[in-house]
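These are the residues of each chain, in order.
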Number of protein chains: 2
Amino acid sequence: MSTAPLLEQLIEALRCLPGVGRKSAQRMAYHVLERDRDGAGRLAAVLAEAIERIGHCEQCRDFSETPVCPLCASGARDRSLLCAIESPADRLAIETATGYRGLYFVLQGRLSPLDGIGPRELGLEQLAARLAEGEVRELIVATNPTVEGEATAHYLGQLARANQVPSSRLAHGVPLGGELEYVDRGTLAHAFTSRTRISD
Amino acid sequence: MSTAPLLEQLIEALRCLPGVGRKSAQRMAYHVLERDRDGAGRLAAVLAEAIERIGHCEQCRDFSETPVCPLCASGARDRSLLCAIESPADRLAIETATGYRGLYFVLQGRLSPLDGIGPRELGLEQLAARLAEGEVRELIVATNPTVEGEATAHYLGQLARANQVPSSRLAHGVPLGGELEYVDRGTLAHAFTSRTRISD
């Protein structure tokens, strides 16, 4: 046994992080021990506190330290708009890029039966109940334009229809600054068929 | 503020890991919170314990929970052989690949004046003292074949000579399974000039 058992444990433990294999875990362990023990100490403390205190918002299922997250609790948002997204990261993106003032519903994933992720795992009963309340006037479906994302979007559309709530989907098309020559065929075909009239 | 402050802290803290930028830190935080809280808990605990208890071996400077690491303490190793390496990872590699039975000296880095890493940071006074004791009959220099590694090797060679200890360097040449066509010119030139006679 040439390395300290505790070091072995650390390397193993680091592998719980996504995209971290044996080699990078080793590199990380050596790095923090040799160059950044303070940072490692902070990480250990914050990590322990985070898994202890961060739960999910009762309303939008986003991560939150409080039962209801600040955004859902805020009176400044339009409660008649609900935007369904796959992950909290998508919310950050939408908040920074758009002027959206409505609320969110975070699926924390996408329909993927093979991985055992169904309507229950995405909290869709909860979403259905929310839609049934009648406060929501539009469900904006902002899942990723992947196969699973599209399937999820389709499912959400039906869910909205079943509750007489109009639903919308983010527009697909040629990305700004993209060159037609390099846009994939699916996107180009979609952008071509759903072309919009130039107003005079 | 759309994300919980604690979540922000976690994302920031994760960036102390090498090669982890803002985006991957975010991905890691979301992943452990959503899918692997147990793993995260283990990581937090082990990390805290590791920075608390893992120090350096007094003799070889490798990471160790005890003042003297198991390998240095072992009576089964040949104390007349000392192998100088840049990092603990190199020791693992040598232990698994070769039948080396001697001891190690871990520099925990390489001479790199621009980064403020000099003989002191690599514990070379300690190494000199060790060589002066006279127990060591050969210093095997196994630094990496990089510019800094070579410079360090040169320095170590002088250090050994100053203490009348013979020193050796790992052989350079064509890697096994490598094709001459694809070997870089420096390596090929080196392998060519230091060719060995085929024994009958």
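A short tour of the structure in this document, coming up. Quick caveat, the model's predicted, so the values are computed rather than measured. (Residues numbered from 1 in each chain as written. Chains lettered and ligands numbered in written order. Predicted model: local features only at pLDDT ≥ 70, side-chain atom pairs only at ≥ 80, totals over all residues. Heavy atoms only, no water.)

The next subject is the pairing of strand 5 (residues 138-141) of chain A. Residues and elements named next belong to chain A. As paired elements, strand 3 (residues 78-85) and strand 5 share four bridges and run parallel to each other. The partner of C83 across the bridge, within strand 5, is I140. In this sheet, strand 6 (residues 167-169) lies alongside strand 5 in parallel orientation, the contact comprising three bridges. Along strand 6, the bridge assignment pairs L139 with S167. For the handedness criterion, the β-α-β arrangement of strand 5, helix 7 (residues 147-162) and strand 6 is classed as right-handed. (Pairing = 2+ DSSP bridges. Helix = DSSP H or I, 4+ residues; strand = E, 2+ residues; numbered from the N terminus. Right-handed = clockwise from strand over helix to strand, strands pointing away.)

Moving on, we get to the side chain of Q26 of chain B. With respect to the helices and strands, Q26 of chain B occurs in helix 2 (residues 22-35). For Q26 of chain B, a relative accessible area of 9% corresponds to the buried category. (Buried < 20%, exposed > 50% of the residue type's maximum accessible area, 1.4 Å probe, protein only.)

Turning our eyes to something else, we now look at the packing of aromatic side chains. Counted by the stated rule, this structure contains four aromatic pairs over all chains. Both rings, one in Y30 of chain A and one in F63 of chain B, keep their centres 5.7 Å apart while their planes meet at 15 degrees; by these two values the pair is stacked. With Y30 of chain A in helix 2 (residues 22-35) and F63 of chain B in strand 2 (residues 63-64), the pair connects residues from two separate chains. For F63 of chain B, a relative accessible area of 3% corresponds to the buried category. (Phe/Tyr/Trp six-rings, centres within 6.5 Å; stacked < 30°, edge-to-face > 60°.)

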